[in-house]
Amino acid sequence: MKKYAATATALTALLAINACSSDEGQPDQNAASTKESNCKEVLGSVGTDWLKTRVGNDQLVMHKTNNKEQARDLFNKQMRSWEPKDSADPYAPLRFADAQICVASKKGTASDGKFNLRYDASQYPFSEIPGNEGKAPAPGNSDVKFAARQERGSPTAYTVYFKCAIPGARSEQEEQLPVAAIMTDSLTGDRDAGVHFRHLLHSVQVMTRTLDCQNKPDVPTEPPSSVK
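Predicted model, so just to flag it, every value in this text is computed and none were measured. (Residues numbered from 1 in each chain as written. Predicted model: local features only at pLDDT ≥ 70, side-chain atom pairs only at ≥ 80, totals over all residues. Heavy atoms only, no water.)

## Considerations on the pairing of strand β5 (residues 157-162)
Within a regular strand, the side chains alternate between the two sheet faces.
Line of reasoning, step 1. Burial analysis of β5 places five of its six residues in the buried class, which makes it a mostly covered element.
Line of reasoning, step 2. Of the pairings in the sheet, the one linking strand β4 (residues 144-149) to β5 comprises six bridges and is antiparallel in character. By the bridge assignment, Phe146 is partnered in β5 with Val160.
Line of reasoning, step 3. As paired strands, β5 and strand β6 (residues 179-185) are joined by six bridges and run antiparallel to one another. (Buried < 20%, exposed > 50% of the residue type's maximum accessible area, 1.4 Å probe, protein only. Helix = DSSP H or I, 4+ residues; strand = E, 2+ residues; numbered from the N terminus. Pairing = 2+ DSSP bridges.)

In structure tokens:
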């Protein structure tokens with residue numbers, strides 16, 4: 001697996017905008033509305049209602065995250081700084097900070113699980129992305145690939161990789177450094193991979209517009225049957 005080395009500026013940006021807020025004390029209605037808005041922006045009403053239905057509207061706790069514009073600014077800064085290297089591992093000099101888009105848990109029972117949707121730079125060039133449980137190649141189309149992987153003791157990571165030519169980035173970035181949308185869910189109890197991928201794909205459609213992907217990737221609304 002290809003690794004990155006940390007850059008201080010990226011990690012500083014992540015720490016500045018990615019800290020979770022406390023749920024103790026009197027609830028801040030404006031803060032709660034903002035937290036839900038961040039999720040609704042990328043999951044849509046259907047995805048947000050799915051979380052509420054599975055967990056309970058009065059039990060669902062939304063955590064402070066990046067909004068989609070903050071995620072765009074973070075990706076723009078990092079992707080535009082990237083350049084391919086002559087070494088065997090072109091990714092060795094950089095580590096990209098991820099953008100937490102939607103994080104939720106159940107009120108008063110933090111140990112019961114968490115829902116997390118984040119965006120990150122892919123650890124693989126688009127042509128080398130492995131499929132489910134490391135099988136190659138990953139299914140998808142010429143712009144999007146899918147994988148559902150689970151490490152022991154961790155929830156399944158539903159991942160959609162997509163080519164996104166970031167404005168101002170090097171031309172090689174689209175193929176060599178695609179974007180990864182990653183959803184993990186130990187909160188809802190929903191084991192249907194198709195449901196998770198459909199909500200994840202909705203968020204990808206939103207983020208391709210937000211990131212202004214110059215290649216206009218073809219993002220489907222349904223995942224292939226091999227990952228459902």
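## Looking at the environment of Lys68
Line of reasoning, step 1. Following the sequence through the fold, Lys68 ends up in helix α3 (residues 68-81).
Line of reasoning, step 2. Each residue touching Lys68, except ones within four places of it in the same chain, is listed here: Glu41, Val42, Val206, Met207 and Thr210. (Contact = heavy atoms within 4.5 Å.)

## Notes on unusual backbone geometry
Line of reasoning, step 1. Unusually for a residue other than glycine, Asp212 sits at a positive phi of about 55 degrees.
Line of reasoning, step 2. Tracing the backbone shows Asp212 in the segment after α5 (193-210).
Line of reasoning, step 3. Judged by its relative accessible area of 36%, Asp212 is partly exposed.
Line of reasoning, step 4. Look at Lys216: it is not a glycine, yet its phi comes out positive at around 50 degrees.
Line of reasoning, step 5. With respect to the secondary-structure elements, Lys216 resides in the segment after α5.
Line of reasoning, step 6. Residue classification places Lys216 among the exposed residues on the basis of a relative accessible area of 61%.

## Notes on the state of the cysteines
Line of reasoning, step 1. Enumeration over the complete set of coordinates arrives at two disulfides.
Line of reasoning, step 2. Here Cys39 is linked by a disulfide to Cys102, with a sulfur-sulfur distance of 2.0 Å. Since a negative S-S torsion denotes a left-handed disulfide, the Cys39-Cys102 link at about 95 degrees is right-handed. Of the two residues, Cys39 sits in helix α2 (residues 29-55) while Cys102 sits in strand β2 (residues 99-106), which places them 63 residues apart along the sequence.
Line of reasoning, step 3. Its relative accessible area of 1% is what places Cys39 among the buried residues.
Line of reasoning, step 4. Each sulfur of the disulfide joining Cys164 and Cys213 lies 2.0 Å from the other. Here Cys164 and Cys213 share a disulfide; its torsion about the S-S bond, -95 degrees, makes the bridge left-handed. Of the two residues, Cys164 sits in the loop between β5 and α4 (173-176) while Cys213 sits in the segment after α5, which places them 49 residues apart along the sequence. Taken as a pair, Cys164 and Cys213 share a single burial class, namely buried.
Line of reasoning, step 5. Taken in sequence order, the bonded cysteines of the protein chain link in the pattern 1-2, 3-4. (Disulfide = S-S within 2.5 Å.)

## What about the sheet that holds strand β3 (residues 114-121)?
Line of reasoning, step 1. If you trace the six strands from one edge of the open sheet to the other, you get β1-β2-β3-β6-β5-β4, paired in antiparallel fashion. Across the chains shown, the open sheet's two edge strands, defined by having one partner strand only, are β1 (60-62) and β4. Recorded for the sheet is a direction-independent mean angle of 15 degrees between the axes of neighbouring strands.
Line of reasoning, step 2. Summarising the sheet, β1 and β2 pair through three bridges and their orientation is antiparallel. Looking across to β2, one finds that Met62 is bridged to Ala104. (Axes fitted to C-alpha atoms, helices over the stretch in contact; angles between N-to-C directions.)

## A short note on the nonpolar core
Line of reasoning, step 1. Met79, Phe115, Leu117, Tyr119, Phe162 and Phe197 are the most contacted members of the largest nonpolar core, which totals 49 residues.
Line of reasoning, step 2. Here this core takes eight residues from α5, the largest share from any one element.
Line of reasoning, step 3. Each residue touching Met79, except ones within four places of it in the same chain, is listed here: Phe96, Ala121, Ile166, Ala169, Gln173, Leu177, Pro178 and Val179.
Line of reasoning, step 4. Judged by nonpolar contacts, the second largest core, of eight residues, contains Phe126, Ile129, Ala180 and Ile182. (Core = buried A, V, L, I, M, F, W, Y, C linked by side-chain atoms within 4.5 Å.)

## Digging into the environment of Thr48
Line of reasoning, step 1. Here Thr48 shows up in helix α2.
Line of reasoning, step 2. What Thr48 contacts, discounting residues up to four positions off in sequence, is Glu36, Cys39, Lys40, Leu43 and Met62.

## Points about the environment of Glu128
Line of reasoning, step 1. Following the sequence through the fold, Glu128 ends up in the loop between β3 and β4.
Line of reasoning, step 2. With 10 residues separating them in the primary sequence, Glu128 and Ala138 have C-alpha atoms 8.5 Å apart.

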